[in-house]
Structure formats: C-alpha cells, structure tokens
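# Overview (structure and organization)
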Amino acid sequence: MRAMVYRGPYKIRVEEKDVPPIEHPNDAIVRVTRAAICGSDLHLYHGMMPDTRVGMTFGHEFVGVVEEVGSSVERLQPGDRVMVPFNVYCGSCYFCARGLYSNCHNVNPNATAVGGIYGYSHTCGGYDGGQAEYVRVPFADVGPMKIPEWLDDDDAVLFTDALATGYFGAQLGDIKEGDVVVVFGAGPVGLFAARSAWLMGAGRVIVIDHLEYRLEMARTFAYAETYNFAEYDDIVVHMKRITDFLGADVAIDAVGAEADGNLTQHVTTTQFKLQGGSPVAVNWAIDSVRKGGTVSIMGAYGPLFSAVKLGDAVNKGLTLRMNQCPVKRQWPRLLEHVRDGHIKPSDIVTHRIPLDQVTEGYHIFSAKLDGCIKPLIVPSGN
Ligand SMILES: NC(=O)c1ccc[n+]([C@@H]2O[C@H](COP(=O)([O-])OP(=O)(O)OC[C@H]3O[C@@H](n4cnc5c(N)ncnc54)[C@H](O)[C@@H]3O)[C@@H](O)[C@H]2O)c1
Ligand SMILES: [Zn+2]
Ligand SMILES: [Zn+2]
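Described below are features of the structure shown in this document. For clarity, every value in this text was computed on a predicted model and none was experimentally measured.

Let us look at the coordination of the zinc ion (ligand 3). For the zinc ion (ligand 3), the full set of protein donor atoms is C90 (SG), C93 (SG), C96 (SG) and C104 (SG), at a range of 2.3 to 2.4 Å. Coordination at the zinc ion (ligand 3) comes from four donor atoms whose angles at the metal span 102 to 118 degrees, giving a geometry best classed as tetrahedral. Along the chain, the residues donating to the zinc ion (ligand 3) fall in the pattern C-x2-C-x2-C-x7-C. Residue C93 is found in the loop between β6 (87-88) and α2 (94-97), and its partner C104 is found in the loop between α2 and β7 (116-117); the two are separated by 11 residues along the sequence. By the burial criterion, C93 is buried, and C104 matches it.

Laid out in structure tokens, this is it:
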C-alpha cells in the first residue's frame, strides 16, 4: 500500500508499505477514504515529540471502510463505513470506565499519563496512523462508529479529532450563559472551540491569532470578534481594556507549545529545544481571564514545562482544565448539532491533497501557505 512515512524532522515521504495484518482477534483493518493533517502532526513533523521513529506513518484523524475484522469483532463487518476516534483505548480499564478514553491504562506501555494515539510516536503507543491506504484499528468494537448515511466523509473525518477537540475545549471552559470567552489560536481546534462556545451559551466570543486569513475564518465561520496579537504591544492589556478591565470569564488555549508571540521563548524552545516548547499561549490565557475564571487547555505541551504563570493562576483562583480529547464522548451531541445544521464541519477545509502529494501537504500546512487551515488527505481511488 501507499503510506506517508516519517524520515526525520521536516522529512516526510510517501512509500510502499505492507498492508497491516490483523494482529489480535479484536482488530479491524480499515481502508482509509479520508485522513487529515492536524496541528498536532506539526509537532511530530518539527521533531518536537520524543521517540518519533523513522518509518512511522502519522495520521490520527481518518475515516474509511472496514476491509477485514478479527475473529472476536462483533460490532463491525467488512463494508461498514466507519469514523475512528484518534484515541486508541480498551474501553474497560479504570479510566475508560469513567469516560477518560484518552487516559486508557491498557494501550501504551511507554507512558503512564497519556493513552494511545494513532500515528503519534512511540511515546503515545507506537500505533501506525491513517495517512495511508490502510490502517490497523485495535479494539475495533470500542472506538470506531458506523458513519450515519447523511454524514459525508469530509465532515465525518473532522469528528475524529478537530471538531470533537474544539467542542471539548469549550465544554471544559464550563461556559455559563452570557460568558465572555476568548480563544487563543484560530487553527481548526480554535475555530471549532469558538463556534461551540456559542452553542453553550456564550455572550461574546473573541478569537486571537496573528494570521489574518485565519482570523477572517474566525469571523465568517465562528462569528467571532477577532484581534491580531501582532498589532498590539501587549495583547493581554488589550484584552483587559475590552472587558471592563476585568478579563474574560473563560479562556481556551488552542495553540500549544509551538506558540509565537515571544521571540526569545520561541527560539530557545522550538528552535533550540532548551525546553519542551513556549508557554506564551497558556500564559496569555491565564492573564486574560478574570479572577475566578476558567482556563481550558487544548494545546499540546511536553511533560515538563517551566515559566508557566502558575502562581498567578493560584492567586487569581482560576480553574485550569485540560486533557487530550476523549473523542467518542463528544459524538452524540455533535452528531445532533451537525445533523440539525448548527455546524458544517467541512466549512473549514481548505485543501484536499492526494496521498501521493502528502510531502507538499505538510509543507503548505506547516508554513501556513496558500490560506491553509485544514488539509484533508485523499488516498487514490477515492
Ligand atoms: N487536546 C487534544 O486532544 C488536542 C487535539 C487536537 C489538537 N490539539 C492541539 O491543539 C493545538 C491546535 O491545533 P490546530 O490543529 O488548531 O493547530 P494549528 O497549528 O493549525 O493552529 C494553531 C494556531 O495558533 C496560532 N498561534 C500561534 N501562537 C499563538 C499565540 N501566542 N496566541 C494565539 N494564537 C497563536 C497559529 O498562528 C495557528 O493559527 C495544537 O497544539 C494541537 O497539538 C490538541
Ligand atoms: Zn490531532
Ligand atoms: Zn482503557
């Protein structure tokens, strides 16, 4: 089969690989019809993620058609159209039983904090991902869901991460009616978080980024008030100024460790890797909420982080909430919202890239060229 393969930082190729076999009776093999590149894949692409091994196939956002199932799979059969959450999880451990699918205890021998994620380094379990023609799906009775007929692949693929994560980010903000919500980052996660904030009763939604074309999408897709942080000496002071000098009720970090906005921190962390990334976005979130407010962190961070304004968070009495999204938990409500026309997820898709051109796809998305917001990967024959 054809598959995206990692060769080292900034080196992505398409190669021939063996079609993955069934390894366990509860595996399924899925023929991928759509995959996506996520902002999280950029952390791998940029060499930020420990134990990203040469030869690995990325891709944790994908949908497809079941090709083959193991002998104990009961809920799927060949021919079923399925969407697969980015989490690999067992469904029965202590954490899965409590809905913490992203924290499953049975799927990742290499870490205790995070569970399994498709195509996301050996730190997250070493599972090959879906930027390929075929992918092995463990615990096939647990994660995947048959795609309703009315939902097309371009929308369904966004359920498997970006849409669910944005919605989850807003949920963790614990938004009350009329709340002022500020979202840092106008990538796919931030855009969906901003749009979801309205569905949860927000009275005002503000989105901050420095890419004008993404702020434009925040205005047209998420109906948000937008600010370009590059145009202000101090975006936090501006935030205070426009919120009666109190701050927002809720801030959502949809940026993560590769944040721009502080040159020294960007260079020492993302270029020279003196620490696992830059804390600029999370600090802006902490500074931008009012006392007693909530900060929801969806952005990805390495395990060790310094220079986070924890003392300010303590002294302001903030609630900090965060996790990798337990994707399938968000699906019932999101399916209703999409079916009822409250969100059209594929409205943010800007590129459909043939799998054979995935190298270029990563470059365009990473360098933020050509107005790129969400690139989908389309294997040939689809
Ligand atoms: N928790 C989860 O389950 C989960 C799931 C998916 C993605 N993520 C993470 O969420 C983050 C966003 O994902 P994405 O796909 O939208 O990525 P993306 O790279 O497309 O978007 C990030 C955006 O943040 C902007 N930005 C950079 N510095 C900023 C700053 N200081 N303030 C405001 N905006 C800034 C960038 O210009 C960009 O538009 C990533 O860190 C990703 O790894 C987490
Ligand atoms: Zn992702
Ligand atoms: Zn589990």
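Read on, since the account is not over.
Turning our attention to the sheet that holds strand β11 (residues 204-209). Across the sheet, which stays open at both edges, the six strands sit in the order β12-β11-β10-β13-β14-β15 with parallel pairing between neighbours. The two strands at the open ends of the sheet, each matched to only one other strand, are β12 (225-228) and β15 (319-322). If you compare each strand with its neighbour and ignore which way they point, the axes differ by 20 degrees on average. When strand β10 (residues 180-184) meets strand β13 (residues 248-253), the two strands line up parallel, connected through four bridges. Bridging across to β13, F184 finds its partner in D253.

Time to look at the site of ligand 1. Inspection of the region around ligand 1 gives 32 residues, with S40, H43, D209, D260 and C325 positioned closest. Between ligand 1 and V255 there is a distance of 2.8 Å, counted from an oxygen atom to a backbone nitrogen or oxygen. Q324 is positioned such that a nitrogen or oxygen atom in its side chain is 3.3 Å from an oxygen atom of ligand 1. Relative to its free-state accessible area of 860 Å², ligand 1 is covered by the protein chains to the extent of 97%. Per element, the largest residue contribution to the shell around ligand 1 is three residues, and it comes from helix α1 (residues 39-45). No fewer than three residues from each of domain 1 (2-161 + 326-378) and domain 2 (168-322) sit in the shell around ligand 1.

Time to look at the packing of aromatic side chains. Evaluated as defined, the whole model comprises 11 aromatic pairs. Summarising the aromatic geometry, the rings of Y45 and Y362 are spaced 5.2 Å apart at their centres and angled 45 degrees between planes, so their arrangement reads as tilted. Taken together, the residues Y45 in helix α1 and Y362 in helix α12 (residues 358-366) connect sequence positions 317 residues apart. Across this residue pair, the class does not change: Y45 and Y362 are buried. Members of the aromatic cluster, joined through ring pairs, are Y6, Y10, Y45, F58 and Y362.

Only C38 (SG), H60 (NE2) and D161 (OD) from the protein coordinate the zinc ion (ligand 2), and they sit 1.8 to 2.3 Å from it. Positions of the donor residues of the zinc ion (ligand 2), expressed as sequence spacing, correspond to C-x21-H-x100-D. Separated by 123 residues along the polypeptide, C38 in the loop between β3 (28-36) and α1 and D161 in the loop between α3 (153-159) and α4 (162-172) bring together distant segments of the chain. We classify C38 as buried; its relative accessible area is 5%. Overall, D161 belongs to the buried group, its relative accessible area being 4%.

As enumerated under the stated definition, the model contains 21 salt bridges in all. Here D155 and K344 are joined by a salt bridge, their closest N and O atoms 2.6 Å apart. Of this pair, D155 sits in helix α3 while K344 sits in the loop between α11 (327-339) and β16 (349-354); the two residues are 189 residues apart in sequence, bridging distant segments of the chain. What makes K344 partly exposed here is its relative accessible area of 38%. We note a salt bridge from D174 to K176, for which the minimum N-O separation is 3.3 Å. By relative accessible area, D174 is classed as partly exposed at 42%. The exposure class assigned to K176 is partly exposed, which follows from its relative accessible area of 49%. A single salt-bridge network, built from bridges that share partners, covers R2, E16 and D356.

Let us look at helix α8 (residues 263-271). When α8 is considered as a whole, its buried residues turn out to be H266, T269 and T270. Around the axis of α8, the buried residues are gathered within 95 degrees of arc, so they sit on the same side. In α8, the exposed residues that point more than 90 degrees away from the buried face are L263 and T264.

Here α4 crosses α11 at 95 degrees, and the two axes come no closer than 9 Å. Our classification of the angle between α4 and α11 gives roughly perpendicular. Here L163, A164, Y167, F168 and Q171 of α4 come into contact with α11, specifically with V327, R329, Q330, W331, R333, L334, H337 and V338. Residues that form the contact of α4 with α11 fall into these classes: eight nonpolar, three polar and two charged.

Rules used in this analysis
- Residues numbered from 1 in each chain as written.
- Chains lettered and ligands numbered in written order.
- Predicted model: local features only at pLDDT ≥ 70, side-chain atom pairs only at ≥ 80, totals over all residues.
- Heavy atoms only, no water.
- Donors = N, O, S within 2.8 Å, 3.2 Å for Na, K, Ca; no water.
- Tetrahedral: all angles 85-135°; square planar, octahedral: opposite > 155°, others 65-115°.
- Helix = DSSP H or I, 4+ residues; strand = E, 2+ residues; numbered from the N terminus.
- Buried < 20%, exposed > 50% of the residue type's maximum accessible area, 1.4 Å probe, protein only.
- Pairing = 2+ DSSP bridges.
- Axes fitted to C-alpha atoms, helices over the stretch in contact; angles between N-to-C directions.
- Near = heavy atom within 4 Å.
- Polar contact = N/O pair within 3.5 Å; in protein donor to acceptor, adjacent residues only side chain to side chain.
- Areas by Shrake-Rupley, 256 points an atom, 1.4 Å probe, with all protein chains shown as cover.
- Domains from an automatic or database assignment.
- Phe/Tyr/Trp six-rings, centres within 6.5 Å; stacked < 30°, edge-to-face > 60°.
- Salt bridge = Lys/Arg side-chain N within 4 Å of Asp/Glu carboxyl O.
- Arc of directions from axis to C-beta.
- Parallel < 35°, antiparallel > 145°, perpendicular 65-115°, else oblique.
- Contact = heavy atoms within 4.5 Å.
- Nonpolar A, V, L, I, M, F, W, Y, C, P; charged D, E, K, R; others polar.

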